[in-house]
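Read off the chains here:
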Amino acid sequence: MNFSATQKAVRHWHNMLDTRDMSILNELLADDVVFRSPVAFKPYEGKQVVFFILSNVIQVFENFTYHREFYTEDHQSVVLEFSANVGDKQLKGIDMIRFNEEGKIVEFEVMIRSLSGLQALGAQMGQRMAAFMPK
């Protein structure tokens, strides 16, 4: 994958966040995408569940801002540093995103600190996931 394809996909990602147009997320996710959550040990697999998670996180985060982005040497992955609030808790984190040859997201891993911010996010997302996931 060339650098410009990854950059184009990342621009698409930023545009989605700016416009809240979730159809862009549908275009960006590969069918076999894997999401690694900072609060769940087991990864989530598949476009439907990952779409649900990411579209809900966008609603939970307040004052969400990206600060820096770093690309890997092979140009297939990017790390995006962010900050946000969940209720009265502040958090910082990174999104580690890997793309396939077509510029689709195949892996999305999130790391977050502080513990109190992560716990606030986990509580909010836990309620939403319980309503989504089959029992």
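Residues numbered from 1 in each chain as written. Predicted model: local features only at pLDDT ≥ 70, side-chain atom pairs only at ≥ 80, totals over all residues. Heavy atoms only, no water.

J.: In this structure, what is going on with the environment of Phe82? I would like to understand it.
T.: Along the chain, Phe82 falls in strand β4 (residues 77–86). Once the C-alpha coordinates of Phe82 and Ile112 are considered, the two residues, 30 residues apart in sequence, prove to be 9.2 Å apart. The residues touching Phe82, leaving out its near neighbours within four places in the chain, are Phe61, Phe64, Thr65, Tyr66, His67, Leu91, Lys92, Gly93, Ile94, Asp95, Val110 and Ile112. (Helix = DSSP H or I, 4+ residues; strand = E, 2+ residues; numbered from the N terminus. Contact = heavy atoms within 4.5 Å.)

J.: Looking at this structure, I do not really get the packing of aromatic side chains. What am I missing?
T.: We describe a pair of aromatic rings using the distance from one ring centre to the other and the angle between the two ring planes. Evaluation of the coordinates by the stated rule reveals seven aromatic pairs. Both rings, one in Tyr66 and one in Phe82, keep their centres 6.3 Å apart while their planes meet at 90°; by these two values the pair is edge-to-face. With Tyr66 in strand β3 (residues 62–71) and Phe82 in strand β4, this residue pair connects regions lying 16 residues apart in the sequence. Each member of the pair, Tyr66 together with Phe82, is buried. Taken together through their ring pairs, the aromatic side chains of Phe61, Phe64, Tyr66 and Phe82 make up a single cluster. (Phe/Tyr/Trp six-rings, centres within 6.5 Å; stacked < 30°, edge-to-face > 60°. Buried < 20%, exposed > 50% of the residue type's maximum accessible area, 1.4 Å probe, protein only.)

J.: Can you help me understand helix α4 (residues 115–132) in this one?
T.: For α4, which comprises 18 residues, the first-to-last C-alpha distance of 25 Å matches the rise-based estimate of 26 Å (1.5 Å per residue) to within 8%. Taken as a whole, α4 has its buried residues at Gly117, Leu118, Ala120, Leu121, Met125 and Met129. Contacts made by the buried residues of α4 are with β2 (44–45), α3 (47–60), β4, β5 (89–99) and β6 (105–113). (Expected span 1.5 Å × (residues − 1).)

J.: Hey, could you run me through the sheet that holds β3 in this one?
T.: The strands that make up a sheet are held in pairs by hydrogen bonds between backbone atoms, and each pair lies either parallel or antiparallel. Pairing is mixed in the open sheet, where six strands are placed in the order β2-β1-β6-β5-β4-β3. If you trace the sheet from one side to the other, it starts and ends with β2 and β3, each paired once. Pairing of β4 with β5, which is carried by 10 bridges, proceeds in the antiparallel orientation. Bridge pairing in β5 places Val78 opposite Ile97. Of the strands in this sheet, β1 (29–36), β2, β3, β4 and β6 are in contact with α3, which crosses β1 at around 60°. (Pairing = 2+ DSSP bridges. Axes fitted to C-alpha atoms, helices over the stretch in contact; angles between N-to-C directions.)

J.: Would you explain the pairing of β3 in this entry?
T.: Regular strands place side chains that alternate from one sheet face to the opposite one. Where β3 meets β4, seven bridges bridge the pair, whose relative direction is antiparallel. Each bridged residue has a counterpart across the sheet, and for Glu62 the counterpart in β4 is Asn85. As consecutive antiparallel partners, β3 and β4 are separated by five residues, and within that stretch His75 has a phi angle of approximately 65°, a positive value.

J.: Would you mind going over unusual backbone geometry with me for this structure?
T.: Negative phi is the rule for most residues except glycine; trans is the rule for most peptide bonds. In this model, Arg113 is joined to Ser114 through a cis peptide bond whose omega is -5°. Its identity as a non-glycine residue notwithstanding, Arg20 has a phi of 60°, on the positive side. Among the secondary structure elements, Arg20 is positioned in the loop between α1 (3–19) and α2 (23–28). With a phi angle near 55°, Asn63 is a residue other than glycine that sits in the positive phi range. Residue position: Asn63 is located in strand β3. For Asn63, a relative accessible area of 59% puts it in the exposed group.

Read these as layout, nothing more, since geometry by itself doesn't imply function.
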